[in-house]
Amino acid sequence: MFLTVRELKKSFGGIHALQGVSFKLDAAEIKCIIGPNGCGKSTLFNILTGVLAPDSGTAHLDGTQISGLPAHRVSRLGIGRKFQVPGVLSDLTVMEHMEIALAARDTDGLLLRTLGWRGGRAAILKQLETAGLTDYAGQIASQLPHGIKQRLEILMLVARGARLLLLDEPTAGMTAAETQATIDLIRRINKETGMAILVIEHDMAFVRNLSCPLIVMMRGQVIREGSYDEVRADPQVRAAYLGDHHA
Amino acid sequence: MSYRLLLTLAIWLVLGLMPLALGSWELAMFGQLLVYGIAAASLAFIWGEVGLVCFGQALFFGTGAYVMALTSKGMIPGIPDSAWLGLVLGIIGGALAAAILGGLLFFGVGLRSAYFGIVTIAAAVIGERLATNWRYIGGFNGLLDVPPLPLPGGTDSADPLMGYLLVLSFAFLSWLLLLALQRAPFGTVLRGIRCDERRMLSLGFSVPVYKLVALAVSGGVAGLAGALFAIQFSFVSPAVIGLALSTEILIWAAVGGKAVLMAAFIGALGVKWVEGALSESIGAYWLLVIGLAFVAVIVIFPHGLLGRLLDTGLPKRLRRP
Amino acid sequence: MLEIEGLISGYGKGASVLKGIDLKAAKGDRLAIMGRNGMGKTLLAKTIMGLVRPSAGKVKFDGIDITGQHAHSVSNMGMAYVPQGREIFGDFTVLENLRMGVIGKPGLTLDLDRIYGWFPILKERERQRAGTMSGGQMQQLAIGRALIGRPKLLLLDEPSEGIQPSIVHEIAEKLRMICAEEGLTVIVIEQNFDMVEILAERVAFIENGKITGEVPVVQLAADPDLITRHMGL
Amino acid sequence: MTDFSKALFGGRATRRRFLGGLGAAALTPIAATLGAPSIARAQGAPFKLGVLLPFSGGLELFAEQGMQGIQMAVDEYNADGGVLGRQIEIVQADDKTDPRTAVERATQLIRRDQVNAIVGPVTSANRDAIKSTIERGETPLLYATDYEGGVCSPWIACYSAVPAHFVEPLIPFLLEAKGAKNIYLFGADYTWPQKMNAAIRAKIEASGAKVAGEEYTPFGTKDFAPTLRKIEESGADFIILTLPGADGVTFVKQMASSGLKDKIGISFLGFNENYLPGFSGSEAEGIIAPLPFMQTLDRPEAKEFVAKQLAKYGEKARVTYYADSHYNLTRFYLNAVKKAGTDDKKAIMEALPGQTLMSGNGEVTLRAEDRHVDLNILIASVKDGGLSMEKYIGKVNAPNQCSL
Amino acid sequence: MSGFLPLALDALNYTSVLLLVSIGLVIVFGMMQVINLAHGEFFLVGAYAVLVLQGLGVPFWLTLPLAFAAGGLLGLVCDAAILRFIYHRPADTILATWGLSLAIRQAIVIIFGPSSQQVVAPLTEPVNVFGISYSSYRLAIIAIAIAVAAVVFAVLYKTAFGLAARAAMANRPMAQCLGINTRRLDRVTFSLGAALAGFSGAVMAPLMSVDPQMGMGFVLPAFLSILVGGVGSPAGAIWGSVVIGGSTTAAASIWTPVIAQIIVFSLSIAIIRFLPAGLSGLRRK
């Protein structure tokens, strides 16, 4: 198994954010975690990226334990994360973002190598061109349209060269067309780079169109795994989304 | 080449040609002011790139000055009394002081930037107290009779022209170094850290190490400025290590432009010059005027007086295609 | 009561998220605004409230133009806001939280009995630190804090978030009752149809920063596919 | 109300006085030109005297007092035709009580203004800081503040009370006249108090009395309770204070408030008339200070000097030993210029020592061996809010400062 | 080494003084995130207010409230003229208030002259407490500091203003949404901080040299106090003053004031380093 998560538990004060979450992900597989706000998705991502250490349980990437490692080490092992709030560096230009991502890939973030790094303009422009962001190259990130910010962030992670991509609500705030473009982008990234991708999302249209296996979380637990149709048919899941009333 | 870069280069050219136009008094004065310019630029580097408001800059400056004075006076056991060696050791000393401070503050539970400022204030005061109490390095009065730097051709830095050219060359070299770092991918990473440390961590950059190295580089340049101070002013004392100088350096950089090396550099020269002129012309009122003028600059020009004018922008490789 | 015309707004210097919102609510109306995450619903609430300054457009409240007014003046004119995440003062006691609802408003007394009548749990927990209560209790406190200021309009952002379905139901019923009693105008931003169905009469859908349609709740309840279509569910 | 308006306008009036003085200095050359056209036209350039004093930064008062002396000396010589047939012009510079600024201003005075000599500064740190600058600039430095001793440079002349001047007469006086047996030494954390106390300790121990304790405090300390407690518990019967400026005032006030001052005697080195307005009631009463001069000194030369100062700076002016020392050292220097007959700095510096003149307190000689003076010392104490004589000591010979 | 009781009294006294000075600082810093480097100059203005008022024949105890008003008035002016433009730029508030401090201090030098001025002490005779003789005015300061802290806490925890202020400290936007005019609150808060500084200056005036530099010695220990105590809560000023005041007095009693300063600064750096939320942050965890 590429990513193995076993019985992760985490609580803050009296709130049990994760109450024993386990799941698996194959190499080059896309899975989507859905669940209402506050179900523990973000805590899970924080543990998988080294921002938080779990109270108990483990996570392994390709046989290496990643739970409990500091964030930059986890990143170097090949986990890239896209944050829920558009994760761009507000006063940097798009090209600077790409330089940071490419430098992180080529140097593993090691300082001495950064000093000598000469990845350069050509690689940056090529990346931007593939993602269709060339027009925005010189713009400051805080001034970008919302959707472009999201795409820029994903592109950074791709350029950074992760083996596993964690996407936290990648289409939040996007138009339907932008959402579709993002789905295409995710599919293409997956196909071309063989990256495994774990998505958190609660936009069901997105989930349906991405058509991948789903993991449904609720109140810190995995309540269901399966395909879109299986999950949609599950009364418990419908309850989580539409309230008891419709169950 | 942007007109801003041209302007910056023109300033260097003018500074380089000044000896043709100026008498020995102006050269001697500028030879002293340029030292402060280097210190201001060293602060602008970490303030602008990493966003650290550092009240400890004088600590690095002072370490450089003391190391220089002790070495050239032959007061460090086992180290020959060479002024040039002192210069090198001064740079290393400043960098080391910065690295130690950074090592204490950046790792583990990180400090928010306002706290960083206050903690460095306390560190500057402690540095000043230690220097005052350490008899070997001269205590409160400090060390006097620091010899000038011998230069090829039998002259030394005590000569106004030679002193000026010496400090100017080091100022130019420091500027080149800091600018090169700003414009290298390393600088881009630092700016990324300024925007969002968490995200840079998640991209695989060990943020504390980068901050530490940036602070050490800044400290090294400040140490160089301190070493040059020792030979230009021929003395060192706790006054070059404490809070008063730290605050002054912040002021110079803020008035000139805290994020732009050249603006901060000129800011130091300008503020010192205006201070001198005001203290001669309006007597006791000069501090009042300086204080209020300074408040006005901070309120009205968040980027400093020259920040926008001298911002050389991004390197060519990062310009829009 | 509330008229919004061509409202354009965004965060910071960034591009606009709301791209021309038009919305009307008469006195006594109970309007829900639904839309997917990130469509600008919360920004809409913040812009109405005066926390975010719109770049264009107009907001009229009770006949007065409040565009660009500070949040405290908007509040004092009679608009109460229950934000997403409730934002109660966790370090304050329940009573202090309730007092916060009146101290900014001249001429109001702390009419606790009225609030405790609706939410008895708050009376029980009066001296407790608000941060230690459950999600549902905090939500009742947030609503109580808004109502104690005797607003004309109640603006709720995701009141069902993070609350057990049974409690959502209870809160929704209670809100409906209160609104009817007080003749309050309500605007509720929601994703949870359960809450919307009980509380609102009318639903406006927001997508890509614009209002894409308005449907009576009865119609939505009768035809669940309508909501699926609008919400992409 | 008058006191208030004095407080309100006192500072400004002083300022105007300086500016007025400068104006007068600037105008006199014109008068001289009219009176003696031939010489003045031949040598029109004024003879410049640099003054480097802390006009801001906390020691303004010392600067004002020093300036009072210098200005009077210069005005007297100018009225007498100046030196070398040229009028003397004062070039004033503010060292902000900061060593870095002192070096900048010294450089400016030497290189830009090309002064013939510099009078000042006040603090030892600033004097040490500018030492190399004035030696390289080969410009005489005239230093007229009491200090820790040991300055020996061909370019520096000192009109200063060094430790011996205070310690030699003070300790026997405290032991014999005041019955002190156990003395606590407390000072600010810098060179002057440390050197001073080393000398005091040696003298006390040689005289068979005891040092109850020795302690230093950082500048700017505002709470002296722990130290006062220690002093009380040490069993000391006298304190010798080397804590100049505001901190010293604060210490004495807190000592008075704690009641300790009624039990333990206090001697304050460097105390002078400037400190008096800082105290209220009986807070300062009984403070013993060794001084080379005081305003109320009952000697003809002192009365004459004070009268001249008051005539020049107003009846309310304060005349301290700073005014006296700066006045005398400036006169020594201007006499040397006359004696040398040239504005060659080296020649003037060589002509400087060996002179004797009447100071505000007896005859004083500028010694040839170390360019320091032997001062006439008196011991005063605070009585009824003013300084009054306890004992007149007379000439004290300090050791050669070049052989320390 | 002194007995415990005198040492405790000395420590309590210095703690009280620090508390007086830092309580205004913590309110301003905690509420507005403004690091007010001009705090020492508001202190100075309070002391000089006593000087002027005593010159006019106002009895000492009556000058205290007037010094409070003087500090507050100056704070109001500074807020209106300077600070309201830069509240959202914390680093710049440090620099601007530093410039302000320079200007105020020099204005005092120009108006009153640079020298120490005389403030007549109201209580001069030491009294006997538990068998040791102690300065009666110092005892008065302890009482005043406790009273001021009590009043400030009563205002913060018992009045509507205090509730609003604490609410703005905890969640600014929400406070606005509940009808709190935070802009006006800022102005009142800053003025209150300045007024408290002025008041503490007036209280301290009889015990120290009244000169233009007098405020500077307090600013740094007061800042360390509020950082050590934690700026998130007004109670932080109490914890911080106890730690800084107590350790300064103890170290100065055991060793020397110089060593005390070095120890206290290092200790503060260590506390701030490992407990960024200060000591009052511990309790909340």
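Residues numbered from 1 in each chain as written. Chains lettered and ligands numbered in written order. Predicted model: local features only at pLDDT ≥ 70, side-chain atom pairs only at ≥ 80, totals over all residues. Heavy atoms only, no water.

A. Local environment of the interface of chain E and chain D. Every contact between the two is made by 47 residues of chain E and, on the other side, 41 residues of chain D. At the boundary of chain E with chain D, the tally comes to two salt bridges. Between R229(D) and D10(E) there is a salt bridge, and its shortest N-O distance comes to 3.0 Å. Viewed at the interface, chain D and chain E are joined by 10 residue pairs in polar contact (both at pLDDT 80 or more). Among the secondary structure elements, those contributing two or more residues to the side of chain E that touches chain D are α1 (4-32), α2 (39-55), α4 (90-112), β2 (132-134), α9 (216-229), α10 (235-254) and α11 (257-274) of chain E. (Contact = heavy atoms within 4.5 Å. Salt bridge = Lys/Arg side-chain N within 4 Å of Asp/Glu carboxyl O. Polar contact = N/O pair within 3.5 Å; in protein donor to acceptor, adjacent residues only side chain to side chain. Helix = DSSP H or I, 4+ residues; strand = E, 2+ residues; numbered from the N terminus.)

B. Looking closely at the side chain of S209(E). As for its placement among the helices and strands, S209(E) is situated in the loop between α8 (182-204) and α9. Within the structure, the side chain of S209(E) is placed 2.7 Å from the side chain of S116(E), a separation counted as a polar contact. When near neighbours in sequence (up to four residues on either side) are disregarded, S209(E) contacts A246(D), V249(D), T250(D), K253(D), S116(E) and M214(E).

C. Here's a closer look at the packing of aromatic side chains. All names here are of chain B. Tallied over the entire structure, the rule returns 40 aromatic pairs over all chains. Here the aromatic rings of F106 and F116 are separated by 5.7 Å at their centres, their planes lie at 15°, and the arrangement is stacked. Of the two residues, F106 is situated in helix α4 (residues 83-106) and F116 in helix α5 (residues 113-133); the sequence distance between them amounts to 10 residues. Across the pair, exposure class does not vary: F106 and F116 are buried alike. (Phe/Tyr/Trp six-rings, centres within 6.5 Å; stacked < 30°, edge-to-face > 60°. Buried < 20%, exposed > 50% of the residue type's maximum accessible area, 1.4 Å probe, protein only.)

D. Region of the structure containing the pattern of salt bridges. Under the counting rule described, the total for this entry stands at 59 salt bridges over all chains. For E248(B), the salt bridge goes to R100(D), with nearest N and O atoms at 2.6 Å. Of the two residues, E248(B) is situated in helix α10 (residues 243-256) and R100(D) in helix α4 (residues 99-112); the pairing between them involves two chains. The class for E248(B) is buried, based on a relative accessible area of 10%. The salt bridge involving E301(D) is made with R299(D); its shortest N-O contact spans 2.8 Å. Since its relative accessible area comes to 12%, E301(D) is described here as buried. Through salt bridges that share partners, K82(A), E153(A), D196(B) and R199(B) make up one connected network.

E. Here's a closer look at helix α3 (residues 94-107) of chain A. For α3(A), built from 14 residues, the straight-helix expectation of 20 Å at 1.5 Å per residue is met to within 8% by its first-to-last C-alpha distance of 20 Å. When you tally the buried positions in α3(A), you get 12 out of 14 residues, the bulk of the element. In this structure, the buried side of α3(A) is in contact with α4 (111-116), α5 (120-131) and α6 (146-160) of chain A together with α7 (185-195) and α8 (197-202) of chain B. Backbone geometry just after α3(A) places D108(A) at a positive phi near 60°. (Expected span 1.5 Å × (residues − 1).)

F. Highlighting the state of the cysteines. In total, this model carries one disulfide over all chains according to the counting rule given. Between the sulfur atoms of C152(D) and its disulfide partner C402(D) the distance amounts to 1.9 Å. With the S-S bond torsion at 95°, the cross-link from C152(D) to C402(D) turns out right-handed. One end of the pair, C152(D), is in the loop between β4 (141-143) and β5 (156-158); the other, C402(D), is in the segment after β14 (386-396), and 250 residues separate them in sequence. Given a relative accessible area of 29%, C402(D) falls into the partly exposed group. Free cysteine C212(A): the closest other cysteine sulfur is in C32(A), separated by 4.9 Å. (Disulfide = S-S within 2.5 Å.)

G. Structural view of the sheet that holds strand β5 (residues 64-65) of chain A. Pairing in this open sheet of four strands is antiparallel, and the strands run β2-β1-β4-β5 (chain A) from one edge to the other. Of all strands in the sheet, those bounded by a partner on one side alone are β2 (15-25) and β5 of chain A. (Pairing = 2+ DSSP bridges.)

H. Quick look at the domain arrangement of chain D. Residues and elements named next belong to chain D. What the domain assignment lists for chain D is domain 1 (30-161 + 301-373) and domain 2 (163-291 + 378-396). Taking the mean C-alpha position of each, domain 1 and domain 2 sit 30 Å from one another. In this complex, domain 1 contributes 19 residues to the contact, which on the side of domain 2 involves 17 residues. Along the contact surface separating domain 1 from domain 2 lie four residue pairs in polar contact (both at pLDDT 80 or more). Its residues placed into classes, the side of domain 1 that touches domain 2 shows nine nonpolar, six polar and four charged. (Domains from an automatic or database assignment. Nonpolar A, V, L, I, M, F, W, Y, C, P; charged D, E, K, R; others polar.)

I. Representation of the environment of R198(B) within the structure. Tracing the backbone shows R198(B) in helix α8. Residues R198(B) and V35(B), spaced 163 residues apart in sequence, show a C-alpha to C-alpha distance of 36 Å.

J. Summary view of the side chain of D10(E). With respect to the element layout, D10(E) can be found in helix α1. On the basis of relative accessible area, D10(E) is assigned to the buried category, the value being 2%.

K. A look at the pairing of strand β1 (residues 47-53) of chain D. All names here are of chain D. Burial of β1 is extensive: six of the seven residues sit out of reach of the surface. Bridging between β1 and strand β2 (residues 88-94) involves seven bridges; their strand directions are parallel. Note on β2: the bridge partner recorded for L53 is D94. By the bridge criterion, three bridges tie β1 to strand β3 (residues 117-119) in an arrangement that is parallel. When the sheet's bridge partners are listed, L49 is paired in β3 with A117.

L. Here's a closer look at the nonpolar core. Membership of the largest hydrophobic core comes to 431 residues, with the highest contact counts inside it found for L228(B), L2(C), M79(C), F251(D), F271(D) and Y333(D). The element that contributes the greatest number of residues to this core is helix α2 (residues 24-49) of chain B, accounting for 16 residues. Taken together, domain 1 (30-161 + 301-373) and domain 2 (163-291 + 378-396) of chain D each give at least three residues to this core, which thus spans both. Those residues in contact with Y333(D), other than ones at most four positions away along the chain, are F47(D), L49(D), N116(D), A117(D), P140(D), L142(D), I348(D) and L352(D). The next biggest cluster of nonpolar side chains, apart from the first, holds 49 residues, and it includes A80(C), L122(C), L147(C) and V196(C). (Core = buried A, V, L, I, M, F, W, Y, C linked by side-chain atoms within 4.5 Å.)

M. Structural context of the packing of α7(B) against helix α9 (residues 207-233) of chain B. Residues and elements named next belong to chain B. Interhelical geometry of α7 versus α9 gives an angle of 115° and a closest axis separation of 10 Å. Here α7 lies roughly perpendicular to α9, going by the angle between them. Of the two elements, α7 crosses α9, and the hand of that crossing is left-handed. Along the contact surface, α7 presents F186, V189, L190 and I193, while α9 presents V207, Y210, K211, V213 and A214. Classifying every residue of the contact of α7 with α9 gives eight nonpolar, no polar and one charged. (Axes fitted to C-alpha atoms, helices over the stretch in contact; angles between N-to-C directions. Parallel < 35°, antiparallel > 145°, perpendicular 65-115°, else oblique. Left-handed = near helix turned anticlockwise from the far one by under 90°.)

N. Structural context of the interface of chain E and chain B. Taken together, the 33 residues of chain E in the interface contact 40 residues of chain B. Both faces combined, the contact of chain E with chain B buries some 3,200 Å², and carbon together with sulfur accounts for 80% of it. When the buried area of chain E at its contact with chain B is split by residue, L95(E), I269(E) and R273(E) rank highest and sum to 20% of it. Taken together, chain E and chain B are joined by one salt bridge. In this structure, D92(E) engages K258(B) in a salt bridge whose closest nitrogen and oxygen atoms are separated by 3.5 Å. Connecting chain E to chain B are four residue pairs in polar contact (both at pLDDT 80 or more). Those elements giving two or more residues to the side of chain E that touches chain B turn out to be α4, α9 and α11 of chain E. For the side of chain E that touches chain B, the leading source of residues is α4(E), giving 13 residues. (Buried area = accessible area lost by both parts, 1.4 Å probe.)

O. Inspection of a nonpolar patch on the surface at higher detail. Residue and element names in this part refer to chain E. Residues I254, W255, I259, I263 and L267 make up a contiguous nonpolar surface patch of about 420 Å² in total accessible area. Sort the elements by how many residues they give to the nonpolar patch and α11 lands first, with three residues. Checked against the element boundaries, I254 lands in helix α10. (Patch = residues over 30% accessible without salt bridge, like charges linked within 9 Å, V, L, I, M, F, W, Y side chains within 5 Å. Areas by Shrake-Rupley, 256 points an atom, 1.4 Å probe, with all protein chains shown as cover.)

P. Inspection of the sheet that holds strand β8 (residues 196-200) of chain A at higher detail. Residue and element names in this part refer to chain A. Ordered in space as β6-β7-β8-β3-β9-β10, the six strands form an open sheet in which the pairing is mixed. Single-partner strands in this sheet number two, and they are β6 (79-82) and β10 (221-226). For this sheet, the mean angle separating the axes of adjacent strands, direction not counted, is 20°. Relative to strand β9 (residues 214-218), strand β3 (residues 30-34) runs parallel, the two being bridged by three bridges. The residue of β9 that forms the bridge with I33 is I215. Contacts between α6 and the sheet are confined to β6 and β7 (164-168), with β6 contributing the most and set at about 175° to the helix.

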